Amino acid sequence: MPQSGIVKYHVKLSFEVDGLVERTDMIGAIFGQTEGLFGPENDLNELQRVSKVGRIEVILSTTASTTSGDILIPMSTNIDTCSLIAASIESIDKVGPFNCKFKMETIDDIRAKKKDEIAKRAKEIKQQWKTRAVSEGDTVLKDVHEGRTGKIDSYGPSKLSCGSGIKTSDWIILVEGRADVINLLRAGYDNTLAIEGARIDESIKEICSAKATVVAFLDGDRSGGFILRELKSMVPIDYELRADPGIEVEELTPQRISEILEPVAKEIKEGSKPPSLKNKKDKPLADAIGKIYPDLNETLEAVALDDKQAEIFRVPISELVNKMAGQSGIKYLILDGIITPRLLESAKKTGVEYLVGHRLSRLSNKGGINLKTFADLEHNFVPVTTSSLGRNVGRSQQSASKHLVDLEKYGFIQRIKSGRGISVRITPEGYSQLLKISGTLQASLAASPSRIELQGLLVSGMSEGAYYMSLKGYSRQFVKRIGYVPFPGTLNVRLEEREFVESSRQFDALDGIMIDGFHDGVRAYGWVKCFPGTVNGTIPCHLIRLERTHHEPSIVEIIARESIREAAGLKDGSEVAISVQVG
Ligand SMILES: Cc1cc2nc3c(=O)[nH]c(=O)nc-3n(C[C@H](O)[C@H](O)[C@H](O)COP(=O)(O)O)c2cc1C
Ligand SMILES: Nc1ccn([C@@H]2O[C@H](COP(=O)(O)OP(=O)(O)O)[C@@H](O)[C@H]2O)c(=O)n1
């Protein structure tokens with residue numbers, strides 16, 4: 001085979017020799033008798049030297065007195081040279097002392113053959129991919145719509161494109177256009193409605209208000225953001241989903257759609273299950289408690305009800321024992337607190353039948369009173385929306401939703417559907433995990449260091465630091481807030497050890513000196529958080545954390561009044577120690 005270049009042609013010849021010969025005789029005849037016929041550019045020896053002809057294969061078979069066989073010559077020249085070589089070999093009439101005859105059989109175009117193979121394989125891949133996409137779609141379809149298949153349809157007076165399932169599904173996905181509806185149908189979602197243009201149609205408001213859950217799934221570009229804002233001002237959106245940055249929903253693969261939508265679909269579907277009481281007999285009590293729990297929760301008060309569930313009194317728990325003394329006719333006593341032995345005793349004396357609170361402290365001798373917790377009655381759930389939860393923890397709505405699913409999987413929370421949204425509560429297992437975490441946090445905060453020390457190696461980047469640092473929008477603020485115009489650039493330090501990378505994450509939660517992000521009319525620039533410190537013990541600097549960066553977490557960036565490389569005589573690979581003041 002040619003060493004370099006791609007084999008383009010296989011030149012095949014057959015031969016017959018009137019005598020017994022070996023491979024080397026054939027090769028010798030081919031090279032020897034064609035040499036110099038048509039100049040170096042068409043000479044087999046020369047062509048092989050420049051790797052345009054590969055190793056010549058000779059396949060021999062012999063009889064008692066003759067030899068025949070085939071020759072295969074891999075070539076990467078043009079077809080003219082191939083033909084010329086074939087014709088030259090056909091002109092050979094002697095191998096050693098024996099007469100012979102060569103006959104050109106074929107010139108195979110290897111690239112064409114390869115192309116055919118590639119095309120065949122491509123068809124296979126496409127077929128497999130299509131099959132996979134369809135089966136993925138089917139799974140989602142089965143999970144989400146319990147077997148319904150969808151087709152494109154239209155909705156309302158404006159004939160908005162939609163999936164055929166929007167009328168019957170109790171939740172709806174709002175997308176931007178018809179192509180998105182089609183793409184979501186491919187992925188198995190038929191409860192999709194295209195808003196078609198940023199102006200929100202009246203009929204959209206109508207259908208949304210009739211659905212238990214409304215999901216917005218918009219393009220990952222700027223206009224997707226605008227549409228989302230507009231939508232949110234017109235209709236209540238329970239879940240805000242976006243395609244990946246810069247990508248449109250119509251461009252997503254079925255697999256990606258499923259990754260984005262499935263957790264939400266699952267949550268909606270699971271959330272639709274009504275809460276199940278441990279004991280069905282508690283239903284009337286649970287209903288009664290359900291009416292007062294939202295107003296009682298987190299008030300630290302107690303409410304007493306008579307047998308018709310009418311309120312007798314409502315007092316702070318601290319006054320409850322005194323209040324109960326001498327009371328009669330209390331059937332239900334419900335408190336936003338723990339049922340203690342003292343309260344139990346007092347309730348017994350008053351003739352209370354049902355005593356309900358958040359938890360029971362160690363109690364013995366119930367004495368005929370029905371003791372219940374809100375958890376027993378499914379009433380200690382807190383309503384949440386995954387978008388607000390995401391906002392609170394600085395994550396996307398998708399990841400908040402995924403976290404809730406995971407927390408439930410581990411048994412730390414329970415979720416139920418409530419009204420338009422979901423409600424969650426922490427399980428005893430979740431509560432004990434929280435206690436553990438809070439203990440660890442308290443211990444580490446008590447020992448919280450006043451400096452964070454990091455070590456790493458100096459590395460170069462893509463010279464973007466200098467550009468950003470030179471922008472007026474930043475440099476004006478730097479002077480005001482850190483007291484100097486920094487050297488244009490950032491010194492990148494790669495933290496080689498995991499413990500330093502972990503330490504550096506603390507900066508994200510710490511307050512630093514803020515340099516605000518800004519907009520220059522064309523694009524937005526992110527914020528910068530600065531922490532004062534020193535490099536290698538002497539050079540004053542600020543470690544910066546950026547809202548937007550292309551660096552991975554193992555790289556920290558340092559700014560200073562001067563060039564740190566020059567001041568400390570550093571080059572790529574030099575060790576850098578950073579000491580940053582915190583708190
Ligand atoms: C003051 C400052 C502001 C920055 N603002 C942005 C920004 O708005 N968007 C962005 O993508 N990167 C921003 N960057 C980050 C750079 O893109 C980059 O991640 C890094 O800071 C410098 O890269 P380099 O080491 O390859 O030069 C900013 C960097 C600095 C120093
Ligand atoms: N205070 C500073 C800031 C940057 N620098 C260096 O100045 C150069 C320009 O910074 P930059 O952020 O544009 O470049 P890279 O970090 O992308 O290589 C880099 O070689 C930095 O390491 C420095 O020596 N001292």
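The name an unreviewed UniProt entry gives the protein is Riboflavin kinase, with Geodia barretti as the organism. As stated in UniProt under Sequence similarities (unreviewed entry), the record for the protein gives "Belongs to the archaeal riboflavin kinase family." Recorded in UniProt for the protein, the comment headed Pathway (unreviewed entry) runs: "Cofactor biosynthesis; FMN biosynthesis; FMN from riboflavin (CTP route): step 1/1."

It is worth spelling out the side chain of asparagine 492 at this point. Position of asparagine 492 relative to the elements: it lies in strand β23 (residues 491-494). In terms of polar contacts, asparagine 492 uses its side chain to reach the side chain of threonine 490, at 3.3 Å. Not counting residues within four places of it along the chain, the set of residues in contact with asparagine 492 comprises Leu457, Leu458, Val459, Ser460, Gly461, His551, Ile555, Val556 and Glu557.

Let us look at the site of ligand 1. In the vicinity of ligand 1, 21 residues are found, and the nearest of them are Met462, Glu464, Asn492, Thr549 and Glu557. A distance of 3.3 Å is found between a nitrogen atom of ligand 1 and a side-chain nitrogen or oxygen belonging to arginine 523. One of the side-chain N or O atoms of histidine 551 is found 2.8 Å from an oxygen atom in ligand 1. Protein burial of ligand 1: of its 610 Å² of free accessible surface, 93% is covered by the chains. Residue contributions to the shell around ligand 1 peak at 4 residues, all from helix α15 (residues 464-470). Residue classes in the shell around ligand 1 are distributed as 8 nonpolar, 9 polar and 4 charged.

On to a nonpolar patch on the surface, then. Where nonpolar side chains cluster on the molecular surface, the patch consists of Ile426, Tyr431, Leu434, Leu435, Ile437 and Leu441 and spans about 570 Å² of accessible area. Examining the composition of the nonpolar patch, we find that 5 residues originate from one element, helix α14 (residues 428-446), more than from any other. Looking at the secondary structure, you find leucine 435 in helix α14.

Time to look at the confidence of the model for the protein. When the pLDDT values of the protein are averaged, the result is 84; 89% of them are 70 or greater. The weakest mean pLDDT in the protein belongs to helix α4 (residues 110-145) at 59; the strongest belongs to strand β29 (residues 555-559) at 97. With pLDDT under 50 throughout, residues 1-5 is counted as low confidence; its partners more than four residues away or in other chains account for 13 contacts. Contacts of residues 131-148 to residues separated by more than four positions or lying in other chains number 32 contacts, the stretch itself having pLDDT below 50. Reported for the predicted complex are a pTM of 0.38 and an ipTM of 0.96.

For the rest of this paragraph, the subject is the nonpolar core. Core analysis: the largest hydrophobic core is formed by 27 residues, its most contacted members being Met26, Leu44, Ile71, Ile73, Met75, Ile89 and Phe102. When contributions to this core are tallied by element, the ones reaching two or more residues are β1 (9-17), α1 (23-34), α2 (44-49), β3 (67-75), α3 (79-90) and β5 (98-109). Ignoring anything within four residues of it in the chain, the contact list for methionine 26 reads Phe15, Val17, Val21, Val58, Leu60, Val95 and Phe102. One finds Ile452, Leu495, Phe531 and Ile564 within the second-largest nonpolar core, a separate group that totals 23 residues.

What counts and what doesn't
- Residues numbered from 1 in each chain as written.
- Chains lettered and ligands numbered in written order.
- Predicted model: local features only at pLDDT ≥ 70, side-chain atom pairs only at ≥ 80, totals over all residues.
- Heavy atoms only, no water.
- UniProt positions renumbered as here; feature names shortened; annotations may be inferred.
- Helix = DSSP H or I, 4+ residues; strand = E, 2+ residues; numbered from the N terminus.
- Polar contact = N/O pair within 3.5 Å; in protein donor to acceptor, adjacent residues only side chain to side chain.
- Contact = heavy atoms within 4.5 Å.
- Near = heavy atom within 4 Å.
- Areas by Shrake-Rupley, 256 points an atom, 1.4 Å probe, with all protein chains shown as cover.
- Nonpolar A, V, L, I, M, F, W, Y, C, P; charged D, E, K, R; others polar.
- Patch = residues over 30% accessible without salt bridge, like charges linked within 9 Å, V, L, I, M, F, W, Y side chains within 5 Å.
- Salt bridge = Lys/Arg side-chain N within 4 Å of Asp/Glu carboxyl O.
- pLDDT = per-residue confidence, 0-100.
- Core = buried A, V, L, I, M, F, W, Y, C linked by side-chain atoms within 4.5 Å.
- Buried < 20%, exposed > 50% of the residue type's maximum accessible area, 1.4 Å probe, protein only.

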